[in-house]
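Letter by letter, the chains look like this.
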Number of protein chains: 4
Amino acid sequence: MTIFEQRESNIRAYARTYPTVFVTAKNARQVDENGKEYIDFFAGAGVLNFGHNNPHMKAAMIDYLQKDGVLHSLDMQTQAKAQFMQKFTDVILAPRNMPHRMQFMGPTGTNAVEAAMKLARNATGRHNIVAFSQGFHGMTLGALAATANEYFRQASGVPLLHVSHELFDQEHDHEAALAALDALGNQYRDPSSGIKPPAAFMVETIQAEGGVNVASKAWMQKLEKLAKEFGSVLIVDDIQVGCGRTGSYFSFDDMGIKPDIITLAKGIGGAGTPMAMNLVHPDLDKHWSPGEHTGTFRGQNLSFVAGEVALSYFDDNKLMNEVMEKVKTVRDALEPLVSENSAKELRGKGLILGLDMGSGDMAAKVVQRCFHKGLMLGACGSGGRVLKIIPPLTIPEADLAEGLDILKDAVRFVMEEAA
Amino acid sequence: MTIFEQRESNIRAYARTYPTVFVTAKNARQVDENGKEYIDFFAGAGVLNFGHNNPHMKAAMIDYLQKDGVLHSLDMQTQAKAQFMQKFTDVILAPRNMPHRMQFMGPTGTNAVEAAMKLARNATGRHNIVAFSQGFHGMTLGALAATANEYFRQASGVPLLHVSHELFDQEHDHEAALAALDALGNQYRDPSSGIKPPAAFMVETIQAEGGVNVASKAWMQKLEKLAKEFGSVLIVDDIQVGCGRTGSYFSFDDMGIKPDIITLAKGIGGAGTPMAMNLVHPDLDKHWSPGEHTGTFRGQNLSFVAGEVALSYFDDNKLMNEVMEKVKTVRDALEPLVSENSAKELRGKGLILGLDMGSGDMAAKVVQRCFHKGLMLGACGSGGRVLKIIPPLTIPEADLAEGLDILKDAVRFVMEEAA
Amino acid sequence: MTIFEQRESNIRAYARTYPTVFVTAKNARQVDENGKEYIDFFAGAGVLNFGHNNPHMKAAMIDYLQKDGVLHSLDMQTQAKAQFMQKFTDVILAPRNMPHRMQFMGPTGTNAVEAAMKLARNATGRHNIVAFSQGFHGMTLGALAATANEYFRQASGVPLLHVSHELFDQEHDHEAALAALDALGNQYRDPSSGIKPPAAFMVETIQAEGGVNVASKAWMQKLEKLAKEFGSVLIVDDIQVGCGRTGSYFSFDDMGIKPDIITLAKGIGGAGTPMAMNLVHPDLDKHWSPGEHTGTFRGQNLSFVAGEVALSYFDDNKLMNEVMEKVKTVRDALEPLVSENSAKELRGKGLILGLDMGSGDMAAKVVQRCFHKGLMLGACGSGGRVLKIIPPLTIPEADLAEGLDILKDAVRFVMEEAA
Amino acid sequence: MTIFEQRESNIRAYARTYPTVFVTAKNARQVDENGKEYIDFFAGAGVLNFGHNNPHMKAAMIDYLQKDGVLHSLDMQTQAKAQFMQKFTDVILAPRNMPHRMQFMGPTGTNAVEAAMKLARNATGRHNIVAFSQGFHGMTLGALAATANEYFRQASGVPLLHVSHELFDQEHDHEAALAALDALGNQYRDPSSGIKPPAAFMVETIQAEGGVNVASKAWMQKLEKLAKEFGSVLIVDDIQVGCGRTGSYFSFDDMGIKPDIITLAKGIGGAGTPMAMNLVHPDLDKHWSPGEHTGTFRGQNLSFVAGEVALSYFDDNKLMNEVMEKVKTVRDALEPLVSENSAKELRGKGLILGLDMGSGDMAAKVVQRCFHKGLMLGACGSGGRVLKIIPPLTIPEADLAEGLDILKDAVRFVMEEAA
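Residues numbered from 1 in each chain as written. Chains lettered and ligands numbered in written order. Predicted model: local features only at pLDDT ≥ 70, side-chain atom pairs only at ≥ 80, totals over all residues. Heavy atoms only, no water.

(A) Fine view of the overall build of chain A. A tally of regular secondary structure across chain A gives 15 helices and 18 strands. Over its C-alpha trace chain A gives a radius of gyration of 21 Å, about what one expects of a compact globule, namely 22 Å for 419 residues. For chain A, the spread of C-alpha atoms along the principal axes amounts to about 60 × 60 × 45 Å. Burial status across chain A gives 68% buried among its 419 residues. (Helix = DSSP H or I, 4+ residues; strand = E, 2+ residues; numbered from the N terminus. Rg over C-alpha atoms; globule rule 2.2 N^0.38 Å. Buried < 20%, exposed > 50% of the residue type's maximum accessible area, 1.4 Å probe, protein only.)

(B) Seen up close, the relation of the copies chain B and chain A. Laying chain B over chain A is done by rotating through 180° and shifting 0.0 Å along the axis; what remains is an RMSD of 0.0 Å. The transformation just described matches what one would write down for a two-fold rotation axis. When you check the interface residues of chain B against chain A, 100% turn up at the interface there too, and the contact is symmetric in its surfaces. (Least-squares fit on C-alpha atoms with pLDDT ≥ 70 in both. Contact = heavy atoms within 4.5 Å.)

(C) Layout of the domain arrangement of chain A. All names here are of chain A. Here the domain parsing of chain A yields domain 1 (3-54 + 317-418) and domain 2 (57-314). In this structure, domain 1 and domain 2 have C-alpha centres spaced 25 Å apart. Between domain 1 and domain 2, the contact holds 33 residues from the first and 33 residues from the second. Roughly 2,600 Å² of surface becomes buried between domain 1 and domain 2 when both sides are summed, with 55% attributable to carbon and sulfur atoms. Its largest share of buried area at the contact with domain 2, domain 1 owes to Phe50, Asn54 and Lys349, together 26% of the area lost on that side. The interface formed by domain 1 and domain 2 includes 2 salt bridges. Between Asp254 and Lys349 there is a salt bridge, with its nearest N and O atoms 3.1 Å apart. For the interface between domain 1 and domain 2, the tally reads 16 residue pairs in polar contact (both at pLDDT 80 or more). Elements supplying a minimum of two residues to the side of domain 1 that touches domain 2: helix H3 (43-46), helix H13 (318-339), strand S14 (345-349), strand S15 (352-356) and strand S18 (386-389). When the residues that make up the side of domain 1 that touches domain 2 are grouped by side-chain class, the tally is 18 nonpolar, 10 polar and 5 charged. (Domains from an automatic or database assignment. Buried area = accessible area lost by both parts, 1.4 Å probe. Salt bridge = Lys/Arg side-chain N within 4 Å of Asp/Glu carboxyl O. Polar contact = N/O pair within 3.5 Å; in protein donor to acceptor, adjacent residues only side chain to side chain. Nonpolar A, V, L, I, M, F, W, Y, C, P; charged D, E, K, R; others polar.)

(D) View of the packing of helix H5 (residues 79-93) of chain A against helix H12 (residues 301-311) of chain A. All names here are of chain A. Orientation of H5 relative to H12, taken along the N-to-C sense of each, is 25°, at an axis distance of 9 Å. Taken together, the axis directions place H5 and H12 in an arrangement best described as roughly parallel. Here H5 and H12 pass one another in a crossing that is left-handed. For the pair H5 and H12, contact is made by Ala80, Lys81, Gln83, Phe84, Lys87, Phe88, Val91 and Ile92 and by Asn301, Phe304, Val305, Gly307, Glu308 and Leu311, respectively. For the contact of H5 with H12, the residue count by class is 8 nonpolar, 3 polar and 3 charged. (Axes fitted to C-alpha atoms, helices over the stretch in contact; angles between N-to-C directions. Parallel < 35°, antiparallel > 145°, perpendicular 65-115°, else oblique. Left-handed = near helix turned anticlockwise from the far one by under 90°.)

(E) Layout of the nonpolar core. Phe88 and Trp219 of chain A together with Phe88 and Trp219 of chain B are the most contacted members of the largest nonpolar core, which has 218 residues in total. Setting aside anything within four residues of it in sequence, one finds Trp219 of chain B in contact with Phe132, Leu167, Phe168, Asp169, Ala177, Leu178, Leu181 and Val203 of chain B. (Core = buried A, V, L, I, M, F, W, Y, C linked by side-chain atoms within 4.5 Å.)

(F) Summary view of the packing of aromatic side chains. Counted under the stated rule, the structure contains 92 aromatic pairs over all chains. The interplanar angle of 15° and the centroid separation of 4.6 Å between the aromatic rings of Tyr38 of chain D and Phe371 of chain D together place this pair among those described as stacked. Separated by 333 residues along the polypeptide, Tyr38 of chain D in strand S3 (residues 37-40) and Phe371 of chain D in helix H14 (residues 360-373) bring together distant segments of the chain. Since its relative accessible area comes to 2%, Tyr38 of chain D is described here as buried. Here a set of aromatic residues connected by ring pairs shows up, and it is made of Phe50, Phe84, Phe88, Phe104, Tyr249, Phe250, Phe252, Phe304, Tyr313 and Phe314 of chain A. Over the face of the ring belonging to Phe371 of chain B we find Lys36 of chain B, whose NZ or CZ atom lies 5.9 Å from the ring centre. (Phe/Tyr/Trp six-rings, centres within 6.5 Å; stacked < 30°, edge-to-face > 60°. Lys NZ or Arg CZ within 6 Å of the ring centre and 35° of its normal.)

(G) Focus on the sheet that holds strand S15 (residues 352-356) of chain B. All names here are of chain B. Spatially, 4 strands are ordered S14-S15-S18-S17 in an open sheet, and the strand pairing comes out antiparallel. On the outer flanks of this sheet lie strand S14 (345-349) and strand S17 (378-380), each paired with one strand and no other. Sheet twist, expressed as the mean angle between neighbouring strand axes with direction ignored, is 30°. Pairing of S15 with strand S18 (residues 386-389) involves 4 bridges; the strand directions are antiparallel. By the bridge assignment for S18, Asp356 is matched with Val386. (Pairing = 2+ DSSP bridges.)

(H) Examining the pattern of salt bridges more closely. This model, assessed by the stated rule, comprises 100 salt bridges over all chains. A salt bridge links Lys196 of chain A to Glu150 of chain C, with the nearest nitrogen and oxygen atoms 3.1 Å apart. A residue pair is termed interchain when its members come from two chains, as with Lys196 of chain A in the loop between helix H9 (174-189) and strand S8 (200-203) and Glu150 of chain C in helix H8 (residues 150-154). Of the charged contacts in the structure, one is a salt bridge between Arg385 of chain A and Asp356 of chain A, with a shortest N-O distance of 3.1 Å. With Arg385 of chain A in the loop between strand S17 (378-380) and S18 and Asp356 of chain A in strand S15, the pair connects residues that are 29 residues apart, well separated along the chain. For Arg385 of chain A, a relative accessible area of 34% gives the class partly exposed. Each member of the salt-bridge network shares a partner with another, and the members are Arg29, Glu37, Asp399 and Glu402 of chain A.

(I) Expanded view of unusual backbone geometry. All names here are of chain B. Non-glycine residue Leu74 carries a positive phi angle of around 45°. Residue class for Leu74 comes out buried when judged on its relative accessible area of 2%. Here Asn341, not a glycine, exhibits a phi torsion of approximately 70°, which is positive. Following the sequence through the fold, Asn341 ends up in the loop between helix H13 (318-339) and S14.

(J) A look at the sheet that holds strand S2 (residues 29-32) of chain C. The 5 strands are arranged S16(C)-S3(C)-S2(C)-S1(C)-S4(D) in an open sheet whose pairing can be described as mixed. On the outer flanks of this sheet lie strand S16 (375-376) of chain C together with strand S4 (77-78) of chain D, each paired with one strand and no other.

(K) Region of interest: the packing of helix H13 (residues 318-339) of chain D against helix H15 (residues 397-418) of chain D. Residue and element names in this part refer to chain D. Following both chains from N to C, one finds H13 and H15 inclined at 15°, their axes separated by 10 Å at the closest point. It follows from the interaxial angle that H13 and H15 lie roughly parallel. H13 and H15 meet at a crossing whose hand is right-handed. Contacts from Glu325, Lys326, Thr329, Val330, Ala333, Leu334, Pro336 and Leu337 in H13 reach Glu397, Leu400, Leu404, Leu407, Lys408, Val411 and Arg412 in H15. Looking at the contact of H13 with H15, its residues break down into 9 nonpolar, 1 polar and 5 charged.

Set out below in C-alpha cells:
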C-alpha cells in the first residue's frame with residue numbers, strides 16, 4: 001500500500017483518475033516517477049495558463065527567496081504586493097478605464113465568491129442571489145449554495161439557502177433564454193409574484209465545470225440591464241475563464257458589459273501559486289469596513305511575484321494572438337469528430353473547448369485511454385459527459401498537435417469499441 | 001497616494017495597523033522599505049512558527065523550484081506530497097497511535113473547518129453544530145456561522161444558521177462551565193427540551209482570536225464524553241494553536257482526549273506557504289465520497305516541501321524544550337505588569353500568551369506604541385482588549401528579550417498617560 | 001372615540017373599508033346600527049356561500065344548543081361530527097369515487113395549508129414546495145411562505161424559506177405558461193440544474209386574492225402530470241373557491257385531475273361557523289401519526305351541524321343550476337363596462353368574478369362609492385386593482401340585480417370623475 | 001367500521017384515548033351515545049373554564065341567533081364585538097391600568113402566537129425569539145419552532161429556525177434557573193458570544209402541555225428585567241392558563257410584571273366558541289399596518305356573545321374565590337398519593353394541577369382506567385408522565401369529589417398492579 005492508500009482521505013479524486021505519482025513538470029508536460037511524460041490538456045483545472053514552472057516566474061521566485069523577501073504578510077503592505085498591484089493597474093485596469101479596486105482574500109476561488117456574495121448582500125440589504133443552472137462557484141457553504149451540481153450540494157448536509165437558480169443561456173435556443181430573463185423581470189416588477197429582485201446576479205460567461213456552456217453577448221447584456229434596473233449587483237465569476245483563457249484578459253472583454261464585481265483566482269497567481277482577488281467597483285467597495293472578511297493566507301508574496309510576471313504577458317498582444325491560432329488548431333483537429341458523429345458537439349470560446357461526448361461513460365473511457373497514451377484531460381458537465389480542453393496558453397504547437405492526435409485516436413477507439 | 005490607497009479595497013486592515021511597506025524578513029525580524037527593523041511577536045497571526053524565511057525551508061524550496069518539481073497538483077499524487085504525508089505519519093501520527101487520515105483542501109483554515117462541518121453533518125444526518133462563545137473558525141458562510149464575533153457575523157448579510165453557541169470554559173469559574181455542559185446533556189436527554197444533540201462539537205482548546213482563553217483538561221474531557229454519549233463528532237480546531245505552538249505538536253496532547261477531526265492550517269505549511277489539512281478518524285472518513293469537497297489549490301507542493309522541513313523540528317524534543325524556556329522568559333517579564341496593575345491578567349499556554357489590558361482602547365495604544373518602537377504585536381478578544389504574544393517558536397532569546405522590553409515600556413507608558 | 005378606536009389594534013383593516021357598525025344580517029343583506037342595509041357581494045371573503053343566517057342552519061344550531069349538544073370536542077368523536085362526515089362522504093366523496101380521508105384542524109384556512117405542507121414534506125422527505133405567483137395561502141409562517149403578496153410577506157420579520165414561486169397560468173398566453181412548466185420539468189431532470197423536484201405543488205385553480213386568475217384545464221393537467229412524474233404531492237387549495245362557488249362542489253370538478261390533498265375552510269362550516277378540513281388521499285394519510293398536528297378548536301360542533309345543512313344543498317343540482325344562471329346575470333351586466341372601456345377585463349369562473357379596473361386607486365374609489373350606495377364589495381389582485389364579485393350563492397335575483405346596478409353606476413361615476 | 005374509522009385521518013388522537021361517541025354535555029359532565037356519563041377533568045384542554053353549555057352563554061347565543069345577529073364579520077365592526085371589547089376593557093384592562101389594545105386573529109392559539117412573533121420581529125428588526133424547554137405554543141410553522149416537544153417538531157418536515165430554547169424555571173433548583181438567566185444576559189452583553197438579544201422572550205408562566213411546570217415570581221421578574229435591558233419584547237402565552245384558571249384572570253396577576261404582549265385563546269370565547277386575541281401594548285401595536293395579519297374567521301360573533309358572558313364572572317371575586325376553595329379540595333385529595341409514593345409529585349397553581357406519575361406508561365394506564373370508570377383526564381409533560389387536572393372552574397363540589405375519588409382509586413390500582 002502506498003502512503004496515499006494508507007493515509008489519505010477517501011475523498012481524493014484526481015488521484016484515482018490519474019493513478020501515478022508525478023515528480024516534475026515543464027510548460028505543457030508533466031513527468032511521473034517512472035519517467036513517463038504526459039501532455040497536459042488540463043492545466044491544473046485552468047490554473048496553469050502560463051505553463052508548469054514557467055522559467056520567468058521560476059527565476060523571479062528563486063530570486064525573491066534568495067533575498068529573503070517577505071513571504072507571508074496577511075493584508076499588510078509589501079513591496080512585492082505593491083508591484084503586483086501597480087502592474088495589474090497599468091496593464092489590465094487602466095487600459096479599460098476600470099475604476100475597480102482590488103480585494104485580496106484567502107487564496108481560493110470559493111473565498112473570492114463568498115466575499116463577493118457578502119458584499120452584494122450587505123450593500124443591497126437583500127438576501128437572495130441569483131445563480132444559474134450548471135454554474136460552479138465553489139465548495140464553502142455560501143458559494144456552494146450557488147453551485148448547481150447536486151453531487152456537491154448534497155454533501156453540505158444542510159439546506160442551501162438564499163440562492164435561486166435560473167436558466168443559463170441556451171446554446172440551441174437563445175430566444176427562450178432571453179425570454180426567460182424577460183419573464184424574470186416581470187416577476188420582479190410585480191409585488192405579488194412572491195419573488196423579489198436579488199442582491200446580485202452571479203454568472204460565469206462560460207460555464208467551465210458546467211460543461212463549457214458559452215453565454216451570448218445578447219444574453220449577458222440583457223442580464224446586465226436587468227441587474228441595473230433592479231439595483232442588483234452584477235458579479236462575473238471569471239475564476240476559470242479569466243486571465244487570458246479566452247484570448248483576451250477577461251472573458252467578457254468583447255461583450256460591452258461592466259460587471260460590478262469580477263472574481264479571479266486560478267491563473268492570477270501565475271505559477272499555480274495561490275491567490276484570489278476580487279475587482280470591486282468603488283461604489284460597492286465603500287460598503288466594506290476594515291477587516292470584515294479576513295484570511296490568513298491572503299498575502300502570498302510568491303504569488304504576487306509570479307503573478308506580476310504573468311501580467312507581463314499582457315503588455316502586448318503576442319500571447320493572445322498565439323492563443324487564437326491555437327484555438328484554430330484545436331477546432332480544425334476536433335471538428336471532424338463531430339461531423340463523423342464520434343462526438344456530439346464541439347463548443348467553447350478561446351482556449352477552453354468542450355467536446356460533448358453525449359455520455360459520461362464514454363467521456364470517462366476517453367479520459368482513461370488518453371491518460372494511458374500520455375495525455376491528461378478532464379471531464380465536465382452533467383454526468384461528466386464533456387471533455388474539457390484547456391491546455392496552458394503557452395503550450396508548444398508540437399505538444400498541442402501530439403495531444404490532439406492522442407485525443408482523436410482515443411475518441412475513435414472508444415466509439416468503435418462501443419459500436 | 002500609494003498604490004494601496006489608490007487601488008486596494010477599503011477592507012484592508014493590518015495595512016492600517018502597521019502603516020509601512022515591508023520588504024524582507026528573517027526569523028523574528030521584518031524590515032521595511034526604510035530599512036527599519038521590527039521584532040515580530042505576531043508571526044503572521046500564528047503562521048510563522050518556524051520564523052520568516054527559515055533557512056532550511058528556503059533551501060528546500062529553491063532546490064525544488066530549480067529541479068522543476070511539480071508546483072500545483074490539485075489532489076493528484078506527487079512525490080513531494082508523498083514525502084510530506086510519510087513524514088507526518090512517522091513523526092506525528094504513529095507515535096500517538098492515531099489512525100487518522102489526512103484530508104487536504106483549499107489552503108485556508110476556513111476551508112478546513114467547512115470540510116469538517118460537512119463531514120460531521122453528513123455522517124450524523126444532523127444539522128446543528130455546537131460552537132462556543134468567543135470562538136473563531138473562519139469567514140466563509142459555514143465557518144462564519146461558528147465564529148462568535150458579531151463584527152464578522154453581521155458582514156455575512158444573511159442569517160447564520162445551523163450552529164448554536166454555548167459557553168466556553170470559564171477561566172474564573174470552572175465549576176460553572178462544567179455545570180453548563182451537564183445542563184446541556186440534560187437537555188439532549190429530554191425529548192421536550194426543544195434542543196437535540198448536535199452533529200458536532202467544534203472547539204479550540206485555546207481561543208486565540210477570542211482572547212487567549214484556555215480550556216481546562218477537565219472541561220475538554222467532559223466535552224468529549226458528551227460528544228461520545230450523544231453520537232456527536234468532536235472537532236478540535238487546532239489551526240492557530242497546533243503545530244507546536246503550545247510546546248507540544250497538538251494543543252491537546254496533554255488532555256487525554258481523542259478528537260474525531262482535527263483541523264490544521266497556518267503553521268502546517270512551514271514557511272507561510274499555504275496549506276490546510278484535516279486529520280479525520282477512518283470511521284468518519286469513510287463517509288466521504290471521492291471529490292465531494294474539492295478545491296483548486298489543495299495540492300501546493302512548495303507547502304509540502306517546506307512543511308516536511310517543519311516536521312523535522314519534531315524529530316526530537318529540542319525545539320519544544322526551547323519553547324518552554326521561552327514561555328518562562330515571557331511570563332517572568334510580563335507578570336510584574338499584572339502585579340503592579342498595569343495589566344489585568346496574563347494567561348495562555350505554551351508560546352501563546354495573552355496580556356489582558358481590560359480595554360480595547362488601551363490595547364490599541366500599546367500596539368501602536370510598540371510598532372513605533374519596533375515591535376509588531378496584535379490584539380484580540382472582545383473589543384480587542386487582549387495583547388496576543390505569539391512570536392516564532394524559533395525566536396532568538398535576544399530578540400525575545402528586546403521585544404519584551406519594548407512591550408513592558410509601552411504598557412507602562414500607556415498606563416501612565418491614561419492615569 | 002368608539003371602543004374600536006380606543007382599544008382595537010391598529011392592524012384592523014375592513015373596519016376602515018366599511019366604516020360602520022353592523023348588527024344583523026340575512027342572506028345577502030347586512031344591516032348596520034343606523035338601520036342602513038347593504039347588499040353583500042363580498043360574503044365574508046367567500047365564506048357565506050349559503051347566505052347570512054341561513055334559516056335551515058339557524059334552526060339546526062338553535063336546536064343543537066337547546067338540547068345541550070357537545071359544543072367543543074377537539075378530535076374526540078361526537079354524534080354531530082359523525083353526521084357531518086357521513087353526509088360529506090355520501091354527497092361529495094362517494095359520487096366522485098374519491099377515497100380521501102378527512103382531516104380536521106384548527107379552524108383557519110392557514111392551518112389547513114400548514115397541515116398539507118407538513119404532510120407533503122414528511123411523506124416525500126423533501127423541503128421545498130412550489131407555489132405560484134399571485135397565490136394566497138394564509139398568514140402563519142409556513143403558509144405565508146407560499147403566499148406571494150409582498151405586503152403580507154414582509155410582515156413576517158424573518159426570511160420565508162422552503163417555498164419557491166413559479167409562474168401561474170397566463171390568461172393571455174397559455175402557451176408560455178405551458179412552456180414554463182415544461183422548462184421546470186427539464187430542470188428537475190438535470191442533476192446540475194441546482195433545482196430539485198419539490199415535496200408538493202400547491203395551487204389554487206382560481207387565484208381569488210391574487211386577482212381572480214383562472215387556471216386552464218390544460219395547464220392544471222400538465223401540472224398534475226409534472227407532480228406524478230417527480231413524485232411530488234399535488235395540493236389544490238380550494239379554500240376560497242370550493243364548496244360550490246364555481247357551480248360545482250370542487251373548483252376542479254371539470255378538469256379531470258385527482259389532487260392528493262384538497263384544503264377546505266371558509267364555506268365548509270356553512271354559516272360562517274369556523275371549520276377547516278383537508279381531504280387527504282389514503283396513501284398519503286398513512287404518513288400521519290396520531291396527534292402530529294393538533295389544535296384546540298378542531299372539533300367545532302356548531303360548525304358540523306351547520307356544515308351538514310350546507311351539504312344538503314348538494315343533494316341535487318338545484319343550487320348549482322341557479323348559480324350558473326346568476327353568473328349569466330352578472331356577466332351580462334358587467335361585460336358592457338369592458339366594451340365601453342370603463343373596466344379593463346371581466347374574468348372568473350362560476351360565481352367568483354373579477355372586474356379588473358387596471359388600477360388600485362380606481363378600484364378603491366369604486367369600493368368606497370358602492371359602500372356609500374349600499375353595496376359591499378372587495379378588491380383583490382396586484383395593488384388591489386380587481387373588484388371581486390362573490391355574493392352568497394343564495395342571493396335573490398332582485399338583490400343581485402340591485403347590487404349590479406350600484407356597481408355599474410359606481411364604476412362609471414369613478415371613470416367619469418377621473419376623465 | 002364507524003365513519004371515523006372509514007373516513008377520518010389517521011392523525012386523530014383523542015378519539016383513541018376516549019373511544020366513544022359523545023352526544024351531550026353540561027357543566028362538568030359529558031354523556032356518550034350509550035348514555036354513560038363522564039366527569040370532565042380535562043375541560044377541552046383548558047377551554048371550558050365555565051363549563052359545557054353554560055346556561056347563561058347558551059341563552060345569549062340562542063337569542064343572538066334568533067334575532068339574526070351578524071355571525072361572521074372578519075375584522076369589520078359589529079355590535080357584538082363592541083360589547084365584548086367594552087366589557088373586556090371595563091372588567092379586565094381598566095382595573096389593572098393596562099393600556100393594551102386587542103388584536104383579533106384567526107381563532108386558534110397558534111395564530112395568536114404567530115401574530116405575536118411577527119410583531120416582535122418587525123418592531124425590533126431581529127429574527128430570533130427565545131422560548132423555553134418544555135414550552136408549547138402551537139402547531140403552525142412559526143409557533144411550532146417555539147414548541148419544544150420533538151414529536152411535534154419532527155412533523156414539520158423542515159428545519160425550525162429563528163427560535164432558541166433556554167432552560168425554564170427549575171422546580172427543584174430555582175437558584176440554577178436564575179443563574180442561567182444571568183449567564184444569558186452576560187452573553188448578550190458580549191459582542192463575541194455568538195448570541196444576540198432576541199426579538200422576544202415568549203413564556204408560559206405555567207407550562208401546561210409541558211407538564212404543569214410553574215415559574216416562580218422571582219424568575220419571571222428577572223426575565224422581564226432581561227427583556228427590558230435588551231429591548232426584547234416580553235410575550236406571555238396565557239392561552240391555557242389565563243382567563244381565570246389560576247384563581248385570577250391572568251396567570252401573572254400576582255407577579256408584578258407587565259408583559260408587552262399577552263396571547264389569549266381557549267377560554268376567551270367562553271363556551272368553547274373559537275376566539276383568539278392578543279393584548280398588545282400600544283407602543284408595540286403601532287408597528288402594525290392595517291391588514292398585515294389577516295384571517296377569515298377572526299370575527300366570530302357567537303364567540304363575542306358567549307365571551308362577554310364569560311367576562312361577567314369577573315365582575316366580582318365570587319368565582320375566583322370558589323376556585324381557590326376547589327384547589328384546596330384537589331390538593332387535600334391528591335397529596336396523600338404523593339406521601340404514600342403512589343405518585344412522585346403534585347404541583348400547579350390555581351385549578352391547573354399536575355400529578356407527576358414518573359412514567360408515561362403509568363400515567364396512560366391511569367387515564368385509561370379513569371375513562372373506564374367515568375372520568376376524563378389528560379396526560380402531559382415529557383413522555384406524557386404527568387396527569388393534568390383542569391376541570392371547569394364551575395365544576396360542582398360533588399362532581400369534583402367524585403372525580404377525585406375515581407382518580408385516587410385508579411392511581412392506587414395501577415400502582416398496585418405494577419408492584
